[in-house]
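Tertiary structure, described
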Amino acid sequence: MAEFQKITPFFWLDGVAREAADFYVSIFENSRIVSSETYAEGPAAGSSTVFFELDGVQFVAFDGIPAIEFTEAISFMVSCESQDEIDHLWDKLTAGGSEIQCGWLKDRYGVTWQIIPKDLPGMLMSGPNANRVMEVMLPMKKLDMQTLLEAHRGG
């Protein structure tokens, strides 16, 4: 296994570590399972640890018993280049999960994601129409890139 990055997200899941890792790897480009270990004996017998990468970012999934619930207090923000990319990720990640709002969703494993246009932080932080962008975004669930751009341009 490759050397760990300095900060690595670690998912504590209830017996579905490999299933979840396979799910995420199937959604994001340039992603792969790095390694997987199922423990045959000891206190973690039957549990698995899976090391995987999503678009070059390392993650670890572990079958922890008992399960610990995820909350929206931590999420993974994914900056998208196009509406097609937003649509693809949104559709895949909400399958079996739920839509929240403002580009946030919870996937089937309870992990929260923000699927946003790459220019959204700049639109919200600068310019005379930053408040308008926020007003337009608040009622949205899946973000519409064109509508946000029009709001930023003053439309």
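Structure first, text after, so check above.
So, here's what we can say about the structure. Remember, it's a predicted structure, so these values are computed and weren't measured experimentally.

Considerations on the state of the cysteines
For the coordinates displayed, the defined rule picks out zero disulfides. Cys102 takes part in no disulfide bond, and the closest cysteine sulfur, belonging to Cys80, lies 15 Å away. A residue is classified by how much of its surface remains accessible, and Cys102, at 14% relative accessible area, is buried.

Topic: the nonpolar core
Within the largest apolar cluster, 28 residues are counted, with the highest numbers of intra-cluster contacts made by Phe11, Tyr24, Phe52, Leu93, Trp113 and Ile115. The biggest single contributor to this core is helix α1 (residues 17-27), with seven residues. Excluding anything up to four places from it in sequence, Phe11 contacts Tyr24, Phe52, Phe59, Val60, Ala61, Phe62, Phe70, Phe76 and Val111.

Looking at the packing of aromatic side chains
By the definition in use, this model includes 16 aromatic pairs. Their ring planes at 55 degrees and their centres at 5.6 Å tell us that Phe11 and Phe59 sit as a pair that is tilted. One end of the pair, Phe11, is in strand β1 (residues 10-13); the other, Phe59, is in strand β4 (residues 57-63), and 48 residues separate them in sequence. With relative accessibility at 5%, the residue Phe59 sits in the buried group. Ring plane angle 65 degrees and centroid distance 5.7 Å describe the contact between Phe23 and Tyr109, whose orientation is recorded as edge-to-face. Here Phe23, found in helix α1, pairs with Tyr109, found in the loop between β7 (104-106) and β8 (112-117); they are 86 residues apart in sequence, far enough to count as distant. Assigned by exposure class, Phe23 and Tyr109 land together as buried.

Cut-off values and rules
- Residues numbered from 1 in each chain as written.
- Predicted model: local features only at pLDDT ≥ 70, side-chain atom pairs only at ≥ 80, totals over all residues.
- Heavy atoms only, no water.
- Disulfide = S-S within 2.5 Å.
- Buried < 20%, exposed > 50% of the residue type's maximum accessible area, 1.4 Å probe, protein only.
- Core = buried A, V, L, I, M, F, W, Y, C linked by side-chain atoms within 4.5 Å.
- Helix = DSSP H or I, 4+ residues; strand = E, 2+ residues; numbered from the N terminus.
- Contact = heavy atoms within 4.5 Å.
- Phe/Tyr/Trp six-rings, centres within 6.5 Å; stacked < 30°, edge-to-face > 60°.

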